[in-house]
Amino acid sequence: MPNVKTAISIEKPIFEKINILAKNLNVSRSYIFSQAAKEYIQRHENMELLQQLNEAYDGQQTDSLVQKMRPKHKELLNDQW
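Residues numbered from 1 in each chain as written. Predicted model: local features only at pLDDT ≥ 70, side-chain atom pairs only at ≥ 80, totals over all residues. Heavy atoms only, no water.

What to know about the overall build of the chain
Logical step 1: What the chain contains, in helices and strands, is three helices and zero strands.
Logical step 2: Ordering the α and β elements of the chain from the N terminus gives α-α-α.
Logical step 3: Taking all 81 residues of the chain together, the buried fraction comes to 4%.
Logical step 4: When the accessible surface of the chain is totalled, it reaches about 8200 Å², and 56% of it is carbon and sulfur. (Helix = DSSP H or I, 4+ residues; strand = E, 2+ residues; numbered from the N terminus. Buried < 20%, exposed > 50% of the residue type's maximum accessible area, 1.4 Å probe, protein only. Areas by Shrake-Rupley, 256 points an atom, 1.4 Å probe, with all protein chains shown as cover.)

Topic: the confidence of the model for the chain
Logical step 1: In this model, the chain carries a mean pLDDT of 84, and residues with pLDDT of at least 70 account for 84%.
Logical step 2: The least confident element of the chain is helix 3 (residues 63-80), whose mean pLDDT is 69; the most confident is helix 1 (residues 12-25), at 97. (pLDDT = per-residue confidence, 0-100.)

Describing the environment of K5
Logical step 1: Position of K5 relative to the elements: it lies in the segment before helix 1.
Logical step 2: Overall, the relative accessible area of 84% leaves K5 in the exposed class.
Logical step 3: Separated by 25 residues in sequence, K5 and S30 place their C-alpha atoms 9.4 Å apart.

Details of a nonpolar patch on the surface
Logical step 1: Together, I8, I10, I14 and F15 make up an exposed nonpolar region whose accessible area comes to about 330 Å².
Logical step 2: Along the polypeptide, I8 turns up in the segment before helix 1. (Patch = residues over 30% accessible without salt bridge, like charges linked within 9 Å, V, L, I, M, F, W, Y side chains within 5 Å. Salt bridge = Lys/Arg side-chain N within 4 Å of Asp/Glu carboxyl O.)

Side note on unusual backbone geometry
Logical step 1: The phi angle at N26 is positive, at roughly 60°, despite the residue not being glycine.
Logical step 2: Looking at the secondary structure, you find N26 in the loop between helix 1 and helix 2 (29-57).
Logical step 3: Taking the relative accessible area as the measure of exposure, N26 reaches 71% and is therefore exposed.

Considerations on the packing of helix 1 against helix 2
Logical step 1: It is the contact of helix 1 with helix 2, at a shortest axis distance of 9 Å, that shows an interaxial angle of 105°. Between helix 1 and helix 2, the angle is such that the two are roughly perpendicular. Across from F15, I18, N19, L21, A22 and L25 in helix 1, the residues of helix 2 making contact are R29, I32 and F33.
Logical step 2: Looking at the contact of helix 1 with helix 2 residue by residue, the class counts come to seven nonpolar, one polar and one charged. (Axes fitted to C-alpha atoms, helices over the stretch in contact; angles between N-to-C directions. Parallel < 35°, antiparallel > 145°, perpendicular 65-115°, else oblique. Contact = heavy atoms within 4.5 Å. Nonpolar A, V, L, I, M, F, W, Y, C, P; charged D, E, K, R; others polar.)

A word on helix 1
Logical step 1: If you check helix 1, its first and last C-alpha atoms are 20 Å apart, about what 14 residues at 1.5 Å a residue would give, namely 20 Å.
Logical step 2: Of the residues trailing helix 1, N26 is marked for its positive phi of about 60°. (Expected span 1.5 Å × (residues − 1).)

What about the environment of R29?
Logical step 1: Mapped onto the secondary structure, R29 falls in helix 2.
Logical step 2: For R29, a relative accessible area of 40% translates into the label partly exposed.
Logical step 3: Of the polar contacts made by the side chain of R29, one reaches the side chain of N19; its length is 3.0 Å. (Polar contact = N/O pair within 3.5 Å; in protein donor to acceptor, adjacent residues only side chain to side chain.)

Put into structure tokens, the structure is as follows:
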């Protein structure tokens, strides 16, 4: 995948922490920023998906579904302990 260079402005304390982190992990600053951006994008996509699910189930009767799931959930928990 081709890389694209960009310039960003960030607060100096954050920049200094990124430098320290990159040095400690033995990776480049670019790698740190790239990973942070990927995580931020994934978190945003997850929030959008959650919102869509909430909208899809909004107003629907879920009590019966929850009641059906409870015994299996309890069984799964018991197997773990």
